[in-house]
Protein chains: 2
Amino acid sequence: MVEIRFSLFYEHQLPRPWADGQELRLYQDALDQVEIADRVGFDYVWEVEHHFLEEYSHSSAPEVFLAAASQRTKRIRLGHGIVQLPPAVNHPARIAERIATLDLVSNGRVDFGTGESSSGAELGGFGVRRTEKRAQWQDAIDAVTRMFVEEPFAGWRSPYLRMPPRNVIPKTVQKPHPPLWVACSRRETIQFAARNGIGALSFSFVEPEDAGKWVDEYYRILESDECVPAGFAVNPNVSVVLPMMLHEDEATAIDRGIDGAHFFAFALAHYYGTTPHDPGRTSVWDEFQERRASKGFDRERIIANAESLNVNVGSLRGAVGTPGQVVDLIRRYESVGVDQISFVLQAGPNEHEHICESLELFGEAVLPHFTEGREEREAAKAERLAPAIEAALARRKPARRSPPGYRIDEDAEVARVQRSSRSRRPVRQEIRAAARRRATRGFYTLVHGRTDEQIERRFGPGAQRLFFTGMARAYDPSAAAGFAGDIEFRLTPGHGPATAWTIRVSGGRARARAGGSPEPDIVLAARTADFLRVLAGDENPATLLMDGRLAIRGNYELAPKISEMFGGPSPY
Amino acid sequence: MVEIRFSLFYEHQLPRPWADGQELRLYQDALDQVEIADRVGFDYVWEVEHHFLEEYSHSSAPEVFLAAASQRTKRIRLGHGIVQLPPAVNHPARIAERIATLDLVSNGRVDFGTGESSSGAELGGFGVRRTEKRAQWQDAIDAVTRMFVEEPFAGWRSPYLRMPPRNVIPKTVQKPHPPLWVACSRRETIQFAARNGIGALSFSFVEPEDAGKWVDEYYRILESDECVPAGFAVNPNVSVVLPMMLHEDEATAIDRGIDGAHFFAFALAHYYGTTPHDPGRTSVWDEFQERRASKGFDRERIIANAESLNVNVGSLRGAVGTPGQVVDLIRRYESVGVDQISFVLQAGPNEHEHICESLELFGEAVLPHFTEGREEREAAKAERLAPAIEAALARRKPARRSPPGYRIDEDAEVARVQRSSRSRRPVRQEIRAAARRRATRGFYTLVHGRTDEQIERRFGPGAQRLFFTGMARAYDPSAAAGFAGDIEFRLTPGHGPATAWTIRVSGGRARARAGGSPEPDIVLAARTADFLRVLAGDENPATLLMDGRLAIRGNYELAPKISEMFGGPSPY
């Protein structure tokens, strides 16, 4: 016998017809339920990420729900069950960021479940090829786990993701990263989980005896050479899912819980099969009402034959029954080595009050049967698996340590990323902007850290002409707010005579020429070296002004706009 | 004089060097601060979305932080300041989903700030062309706001986003959607906000007098024909941002707050200018220490000249001072019509305890000066603007009402979405899978709702051959878990003799042939019409079994695998 852990599993189901305020109540009720689950001793709450699956799952942003739950709970672990990894749905950097942020607000309570989604509604909605989704999963989980551990993430170049080196922040509280899981619906994917050294989150209703075979196979593979971890830690766990509703009276439990369990299974088949679906119009609930009996979801018959259903409890009734029955059922899963059972209570039309009562009853009458000595057994399991895990981790390609000296280079990086996805030639405006930024960057390195004399020696009148001409060329009429007139610059070198330059703005264009202006709207006077520092982005005009190194005469209001007018930085 | 509202603004700054546990403390402290802000009467908390901007902003998943904050607060509004709209960063459907989910967990307290980001670190990291980002914003905000109000969202086809019709769920609590804002850093973008009928979130430090001109221009445009709302509601508001630190003793306030204000401005210039940045290596804090004086951020000088800084309070000191000074400063913004002031307290090395003290002091000594009669003035403003807003909304293209009858069609939809981004021909496997799904869908409509007799009349032995051959062709070895052998199907029509079909699995392939098997591993017997219903996805084999309409002989364990082995649905 091994340890067993218990969790809640949420799809946020909402059968039609919908009334105003129902989604609000659905979410608020779920938060209340999670708070109870935490208090009575549940170990995890799992929250799906599904898109567009009306009625079946209104849980499209689980990162938000789990973050809210983090502040209503103290101990319960917050599981993504699962995050959809194809980059067209979630950019891998955004996944790493949201997992880490959730780990921070919850003080290290995140479990990171992963998957690909498999409904036509989702794959079609985001344009993910079914034949590529497994490859995308494999690619993205490697990238995301590296984002957790590499500082900086050394970049990526695959058919599904191109990204330059960046330090992806924040980092997770749990090191090297939260436990990894993958959604499984059949034996093959459970083997896949084992080969990747991650937890198997089985979402199909499975009998204890079948589960036992899966578990044996899972651990056999996980402890073998076949296991090459997808992450930088191994998470050896198998979880199965069951519908649940508890009551001391069996008939009441069934009465309260069977519609939810049935609707869950029916709606799942609706979205994952080939049933036609008209977005915003099809009523899955109506179809369920009409066809439930023919699909084996006959309410009256189930209730009448409650007793006989024990033979098939996993598939159609799950943990809908009395605490005694559920303890027995759990024992069967426990005895075959299942590590976690995840219970679905919020399903179909199941009522909030009944769910809350069931959770309380579970805490009182079921949980105490399974907690004694659990930590010790878990420690023993960890000890037993430690050598295999160490060996497996040695087979995983390690985090990369990229050499210092990389420089963020927007234009080159965008070009590289875009080459992968679109073959469009840059427009002239882009080529110009890029050239300007390259020139400024080069210029920066030439002036940064130099003395006034060094700068002035290098940049005589010829070079100055280049810079003022460039400045005029960078003129952005949208930042000029209709200004037209002359801007005069007076440059005083350390030695020798002052020089002047004028930029004239008129008719939506700007031109630079040597010499002062007969009627300047504004005159800016500074040392030559300081001007060049500003042009190179190494100094701030506001600083010069405050330090008395820049003098302004004329239209003061114009001064703060000059930088942006000529291509200077702007934060948004 | 108009109403004025107060908010907190968070970047989650974390100057180097970093120690273990610092990010955790940063986040936990911020949650504590927001709780205080809510209690003392702040109206909003704004949270940025920035990526890879080490030290400057560790707030890369604001949806998670704000969701956590929602459960620690009762009244304060939760503002995204901002969400990055380019689809390469956030898919528009995921934006609509996270905004709606946050609105649900917070009971309708979300403000939806939008923007594009403008740092090379972000644009280069996600491969967003600078020249296209404004067009992407315009495209995405139209799509996202339609996702809020259209049921179903009627689909999208632009250079930046292709999406088939889907009902994007959940929906927001606030109708038609949360207030919209756009990040502004200069006059031109504030005009842009006005033309789009949305709030202007100004993030550059601006003097009251300049702000006044912006406000006048903003409301002039907003009330003119130039305003064509980007959303389905108008949000007439201008917000400015200021650093803050409060203490009854001015020198103490400056001592506690000036480093944060200075680091904020310095790091902003670092990331939005052309300063070279080596991800994971550059220490912005070290550069700040080295160059702050030359950039005008001279700590000693600021403190020594505290008094004189009133002339330039917006740019370099903001609301760092005594409650009295800050009341005077706010009056100046209030008198020119600014609607909201957003205060940055968490910045650079500013300490949590000082931030908490400042928030309490603000609630005691500043806020009471501005709350009296605020609701009345806001109501008057709303009344004054109502006709202009109504006229503006009439200029916006309305929500589309698409006709019923659309059917989700994964293959066609993926092909359409992918055509926009990649020109890759589908592989043979995909063509086959698509053909299979089309056939099953067509078949479904042929059997659905028909009587046994109707079905059997249509599908004689010739048609049956087609279906069993198709089933064998759909064989997926990965779901067979190594099975090899014969699966026999016995079909009994309402009238006439039974027929048998056998599928033989061997060598990783499956073949169908008419007739029984000499040595079947499993025999499945049912009425012909029921078999065809299962093949068409209109019936569930488990149902038939429970109803006694399907009999199984032989290897029982094989039965539940058969559906998946032959291309049946699987939820993940």
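For the structure given in this document, a descriptive report is provided here. Just so it is clear, the model here is predicted, and its values are computed rather than measured. (Residues numbered from 1 in each chain as written. Chains lettered and ligands numbered in written order. Predicted model: local features only at pLDDT ≥ 70, side-chain atom pairs only at ≥ 80, totals over all residues. Heavy atoms only, no water.)

### Regarding the overall build of chain A
Across its full length, chain A holds 22 helices and 16 strands. A total of 572 residues make up chain A; the buried ones form 62% of that total. Counting only contacts in chain A whose residues sit at least 6 apart along the sequence, the fraction spanning at least 24 positions is 74%. Carbon and sulfur atoms make up 52% of the accessible area of chain A, which amounts to about 20800 Å² in all. (Helix = DSSP H or I, 4+ residues; strand = E, 2+ residues; numbered from the N terminus. Buried < 20%, exposed > 50% of the residue type's maximum accessible area, 1.4 Å probe, protein only. Contact = heavy atoms within 4.5 Å. Areas by Shrake-Rupley, 256 points an atom, 1.4 Å probe, with all protein chains shown as cover.)

### Thoughts on the pairing of strand E13 (residues 499-506) of chain A
Regular strands place their side chains on alternate faces of the sheet. Residues and elements named next belong to chain A. Strand direction decides the pairing type here: strand E12 (residues 485-492) and E13, joined by 7 bridges, are antiparallel. Pairing of Phe489 across the sheet is with Trp501, part of E13. Connecting E12 to the antiparallel partner E13 that follows it, the hairpin turn spans 6 residues, and Gly496 within it adopts a positive phi of roughly 90°. Relative to strand E14 (residues 509-514), E13 is paired through 6 bridges, and the arrangement is antiparallel. Directly across from Thr502, in E14, lies its bridge partner Arg513. (Pairing = 2+ DSSP bridges.)

### A short note on the sheet that holds strand E16 (residues 550-554) of chain A
By definition, the strands of a sheet pair up through backbone hydrogen bonds, in either a parallel or an antiparallel sense. All names here are of chain A. Strands sit in the order E14-E13-E12-E15-E16 across an open sheet of 5 strands; the sheet is mixed. One side of each edge strand has no neighbouring strand; the edge strands of this open sheet are E14 and E16. Direction aside, the axes of adjacent strands within the sheet are offset by 15° on average. As judged from the 6 bridges shared by E12 and strand E15 (residues 522-527), these two strands associate in the parallel manner. Bridged to Phe489 within E15 is Leu524. Relative to the sheet, helix H19 (residues 461-473) contacts E12, E13 and E14, its axis offset from that of E13 by approximately 20°. (Axes fitted to C-alpha atoms, helices over the stretch in contact; angles between N-to-C directions.)

### Regarding the interface of chain A and chain B
With 139 residues of chain A at the contact, the number on the chain B side is 139 residues. Carbon and sulfur atoms supply 55% of the area buried between chain A and chain B, which totals about 12100 Å² over both sides. Joining chain A to chain B, the criterion identifies 6 salt bridges. Taking the shortest distance from any N to any O, the salt bridge between Arg130(A) and Glu410(B) comes out at 2.7 Å. For the pair chain A and chain B, the number of links is 37 residue pairs in polar contact (both at pLDDT 80 or more). (Buried area = accessible area lost by both parts, 1.4 Å probe. Salt bridge = Lys/Arg side-chain N within 4 Å of Asp/Glu carboxyl O. Polar contact = N/O pair within 3.5 Å; in protein donor to acceptor, adjacent residues only side chain to side chain.)

### What about the pairing of strand E11 (residues 340-344) of chain A?
All names here are of chain A. For E11, a buried count of 5 out of 5 residues is recorded, marking the element as mostly surrounded by other parts of the structure. Residues Gln340, Ser342 and Val344 of E11 are buried on one face, and the alternating residues Ile341 and Phe343, pointing to the opposite face, are buried as well. With 5 bridges connecting them, strand E9 (residues 238-246) and E11 associate as parallel partners. Residue pairing across strands places Pro243 opposite Val344, the latter belonging to E11.

### Observations concerning the packing of helix H1 (residues 22-40) of chain A against helix H3 (residues 92-105) of chain B
One can describe the packing of H1(A) onto H3(B) by two numbers: an axis separation of 8 Å at closest approach and a directional angle of 65°. Classified by the angle between their axes, H1(A) and H3(B) sit roughly perpendicular to one another. In this structure, the crossing between H1(A) and H3(B) has a hand that is right-handed. Contacts from Glu23(A), Leu24(A), Tyr27(A), Gln28(A) and Leu31(A) in H1(A) reach Thr101(B), Leu104(B) and Val105(B) in H3(B). Looking at the contact of H1(A) with H3(B) residue by residue, the class counts come to 5 nonpolar, 2 polar and 1 charged. (Parallel < 35°, antiparallel > 145°, perpendicular 65-115°, else oblique. Left-handed = near helix turned anticlockwise from the far one by under 90°. Nonpolar A, V, L, I, M, F, W, Y, C, P; charged D, E, K, R; others polar.)

### Regarding the packing of helix H12 (residues 323-335) of chain B against helix H13 (residues 352-366) of chain B
Residue and element names in this part refer to chain B. Close contact between H12 and H13 brings their axes to 10 Å; oriented N to C, the two are set at 70°. Classed by the angle they form, the pair H12 and H13 counts as roughly perpendicular. Considering how the two elements wind past one another, H12 and H13 form a crossing that is right-handed. On H13, the residues touching Pro323, Val326, Val327 and Ile330 of H12 are Leu361, Phe362, Ala365 and Val366. Partitioned by chemical class, the residues of the contact of H12 with H13 number 8 nonpolar, no polar and no charged.

### Notes on the relation of the copies chain A and chain B
Overlaying chain A on chain B yields an RMSD of 0.1 Å, the required transformation being a rotation through 180° with an accompanying axial translation of 0.1 Å. Read as a symmetry element, the transformation amounts to a two-fold axis. Closest approach to the rotation axis within chain A is made by the C-alpha atom of Ala68(A), at a distance of 2.2 Å. An overlap of 99% is found between the interface residues of chain A and their copies at the interface of chain B, pointing to a shared contact surface. (Least-squares fit on C-alpha atoms with pLDDT ≥ 70 in both.)

### Some words on helix H7 (residues 208-222) of chain A
Residue and element names in this part refer to chain A. In this model, H7 (15 residues) spans 20 Å end to end at C-alpha, consistent with the 21 Å of a helix rising 1.5 Å per residue. Of the positions making up H7, those classed as buried are Pro208, Ala211, Gly212, Trp214, Val215, Glu217, Tyr218, Tyr219, Ile221 and Leu222. Buried-residue contacts for H7 involve helix H6 (187-195), strand E8 (199-202), E9, helix H12 (323-335) and helix H15 (374-395). (Expected span 1.5 Å × (residues − 1).)

### As for the environment of Ile503(A)
Residue and element names in this part refer to chain A. Its location among the elements puts Ile503 in strand E13. Each C-alpha atom, one on Ile503 and one on Pro520, is 9.5 Å from the other, the two residues being 17 residues apart in sequence. Setting aside residues up to four positions removed in sequence, Ile503 forms contacts with Phe468, Met471, Ala472, Gly485, Asp486, Ile487, Phe489, Ala510, Arg511, Ala512 and Phe566.

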